[in-house]
Amino acid sequence: MHFKGHRDAVTCVDFSPNTKQLASGSMDSCLMVWHMKPKSRAYHFTGHKDAVTCVNFSPSGHLLASGSRDKTIRIWVPNVKGESTVFRAHTATVRSVHFCSDGQSLVTASDDKTVKVWSTHRQKFLFSLSQHINWVRCARFSPDGRLIVSASDDKTVKLWDKTSRECVHSYCEHGSFVTYVDFHPSGTCIAAAGMDNTVKVWDVRTHRLLQHYQLHSAAVNALSFHPAGNYLVTASSDSTLKILDLMEGRLLYTLHGHQGPATTVAFSRTGDYFASGGSDEQVMVWKSNFDATDYGEAIKVQRPPASLVSSSRNLPEVNFPVLPGRGKSQESVQSQPQEPSSVPQTLTSTLEHIVGQLDVLTQTVSILEQRLTLTEDKLKQCLENQQLIMQKTIP
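Everything quoted here is computed from the prediction, not taken from an experiment. (Residues numbered from 1 in each chain as written. Predicted model: local features only at pLDDT ≥ 70, side-chain atom pairs only at ≥ 80, totals over all residues. Heavy atoms only, no water.)

Enquirer: Can you help me understand the overall build of the protein chain in this one?
Expert: In terms of regular secondary structure, the protein chain is built from one helix and 30 strands. When burial is assessed residue by residue, the protein chain has 51% of its 395 residues classed as buried. For the protein chain, the share of sequence-separated contacts (at least 6 apart) that also reach a separation of at least 24 residues comes to 47%. Split by element, the accessible area of the protein chain, about 18600 Å² in all, is 52% carbon and sulfur. (Helix = DSSP H or I, 4+ residues; strand = E, 2+ residues; numbered from the N terminus. Buried < 20%, exposed > 50% of the residue type's maximum accessible area, 1.4 Å probe, protein only. Contact = heavy atoms within 4.5 Å. Areas by Shrake-Rupley, 256 points an atom, 1.4 Å probe, with all protein chains shown as cover.)

Enquirer: Explain the sheet that holds strand 1 (residues 2-4) here, please?
Expert: Strand pairing within a sheet occurs via backbone hydrogen bonds; the two strands may be parallel or antiparallel. Read across the open sheet, the four strands follow the order 1-28-27-26; overall the sheet is antiparallel. The open sheet is flanked by strand 1 and strand 26 (262-267), the only strands paired with a single partner. The sheet shows a mean angle of 20° between the axes of neighbouring strands, direction not considered. Two strands pair when backbone bridges link them, and strand 27 (residues 273-278) and strand 28 (residues 282-287) are joined in this way by five bridges, in the antiparallel orientation. Bridge assignment links F274 to a residue of strand 28, and that residue is W286. (Pairing = 2+ DSSP bridges. Axes fitted to C-alpha atoms, helices over the stretch in contact; angles between N-to-C directions.)

Enquirer: Help me understand the sheet that holds strand 2 (residues 10-15) in this model?
Expert: Read from one edge to the other, the open sheet built from four strands follows the order 2-3-4-5, with strand pairing classed as antiparallel. Of all strands in the sheet, those with a lone pairing partner are strand 2 and strand 5 (42-45), marking the two edges. Neighbour to neighbour, the strand axes of the sheet diverge by 20° on average, direction disregarded. Direction of pairing for strand 3 (residues 21-26) relative to strand 4 (residues 31-35): antiparallel, over a ladder of five bridges. Opposite Q21, over in strand 4, you have H35 as the bridge partner.

Enquirer: It is not clear to me how the UniProt feature "repeat: WD" (unreviewed entry) in the protein chain should be interpreted in this structure. Could you clarify?
Expert: UniProt's feature table lists "repeat: WD" (unreviewed entry) at residues 3-44, 45-76, 87-128, 129-170, 171-212, 213-254 and 255-287, given in the numbering used throughout. Here residues 45-76 runs as 0% helix and 53% strand, with 9 Å between its end C-alpha atoms. From the first C-alpha to the last, residues 255-287 spans 12 Å; its make-up is 0% helix and 61% strand. (UniProt positions renumbered as here; feature names shortened; annotations may be inferred.)

Enquirer: Explanation requested: unusual backbone geometry in the structure shown.
Expert: Note: most peptide bonds trans; most residues except glycine with negative phi. The phi dihedral of S29 falls on the positive side, at around 70°, and the residue is not glycine. With respect to the helices and strands, S29 occurs in the loop between strand 3 and strand 4. Residue class for S29 comes out partly exposed when judged on its relative accessible area of 21%. The phi dihedral of H207 is positive, around 65°, even though this residue is not glycine. Inspection of the secondary structure puts H207 in the loop between strand 20 (199-203) and strand 21 (209-214).

Enquirer: In this structure, what is going on with the pairing of strand 13 (residues 124-129)? I would like to understand it.
Expert: On any regular strand, side chains alternate: one points to one face of the sheet, the next to the other face. Two elements, strand 12 (residues 115-119) and strand 13, share five bridges in a ladder whose sense is antiparallel. Bridge pairing in strand 13 links V115 to L129. Adjacent in sequence and paired antiparallel, strand 12 and strand 13 are bridged by four residues, among which Q123 carries a positive phi angle near 50°.

Enquirer: Is there a simple way to explain the confidence of the model for the protein chain in this structure?
Expert: When the pLDDT values of the protein chain are averaged, the result is 82; 77% of them are 70 or greater. Ignoring residues within four places in sequence, the model shows residues 291-343, a span with pLDDT below 50, making 121 contacts including any to other chains. (pLDDT = per-residue confidence, 0-100.)

Enquirer: Hey, could you run me through the pattern of salt bridges in this one?
Expert: A side chain of one charge can pair with a side chain of the opposite charge when the charged atoms of the two come close. This structure, assessed with the given rule, holds seven salt bridges. Between D182 and R140 there is a salt bridge, and its shortest N-O distance comes to 3.3 Å. Of this pair, D182 sits in strand 18 (residues 178-183) while R140 sits in strand 14 (residues 136-141); the two residues are 42 residues apart in sequence, bridging distant segments of the chain. Here D203 and R205 are joined by a salt bridge, their closest N and O atoms 2.9 Å apart. For R205, a relative accessible area of 56% gives the class exposed. (Salt bridge = Lys/Arg side-chain N within 4 Å of Asp/Glu carboxyl O.)

Enquirer: Looking at this structure, I do not really get the nonpolar core. What am I missing?
Expert: Proteins that are soluble and globular tend to have nonpolar side chains buried together. Counting residues in each nonpolar core, the largest one holds 44 residues, and the members touching the most others are V157, V181, I190, L232, L241, I243 and F274. Ranked by the residues each element gives to this core, the list is headed by strand 19 (residues 189-194), at five residues. Formed by 14 residues, the second largest nonpolar core is a distinct cluster that contains F15, M36, A275 and V283. (Core = buried A, V, L, I, M, F, W, Y, C linked by side-chain atoms within 4.5 Å.)

Pasting the structure below:
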């Protein structure tokens, strides 16, 4: 399915929670809301004075947030054309907007090097997170709303505690600007895309790098997790989309459709569709055909085609376990049919959990050993000082 109406590069897309609507923003400063019915009309929302850079539906679908190069955030009522509330606090282009899962808060990222959190119902700016030293391209809430993750041109991804407003950890493995970041649906991992053509996945509990993909031949501009957590779709300036199997840690499909850089991509909340946008001014909707009835049942994977040249064609149906696994880092390869694993999935997931807990215990023991060493050194120094004092006091 193709949507045409923008007069410049498409910068952002997002589905409504019920998948009946699709919002897209463009460099032409226009925000459009499309109805997911063939030949249905699109609503044009005008108000931004410059390029619309980001868009996100609220969890209820009753509100739509957008950010712009005009330095403002607007909150729209999707079914009421032209009605919006303007939020102002950023001093440069707003690159990212994202609602918290409870719909009460909004997090934004900007070229002013800050991440800002807002109250959507009180329509009030709450606080800033200001440790990045270059433009902040993306900021997202964790599924439970307790954490915030941000990606920046300073080549770092930062994890923040929303309550304390402190930076919990900085991930510095990217070799260039980090363009996009998001939480895994479980909230235990994050994935980030970069101008270094890579995608990286970290565990937010141990901060370990779990997976590294270098599959694109140009910058990776956006990514999106499938709601089941097994798949990740990426959009790149090499004009392709790629579907990654996070369970196996490998490339599944390469999709060709955009004539020029693919700038944005997003799964629907149900996982039935994903949408992409590009510099060719097109919005494309792809049908994923992932099994929505039982993600936990592992069956044989069918051989996928090398590429899809039209968004109207469906991806092959693939089913595999939903439990997050530790994938292998691999170079770009074509997917091959896999033999069903002889190891029961419940046993595999249990072993992976045990390994993860052992890693945490190992790190804890290491920290305790370091503290014990410091304590011993301080105790030794105190004893030596006491001996010197005793020697000086004895006539």
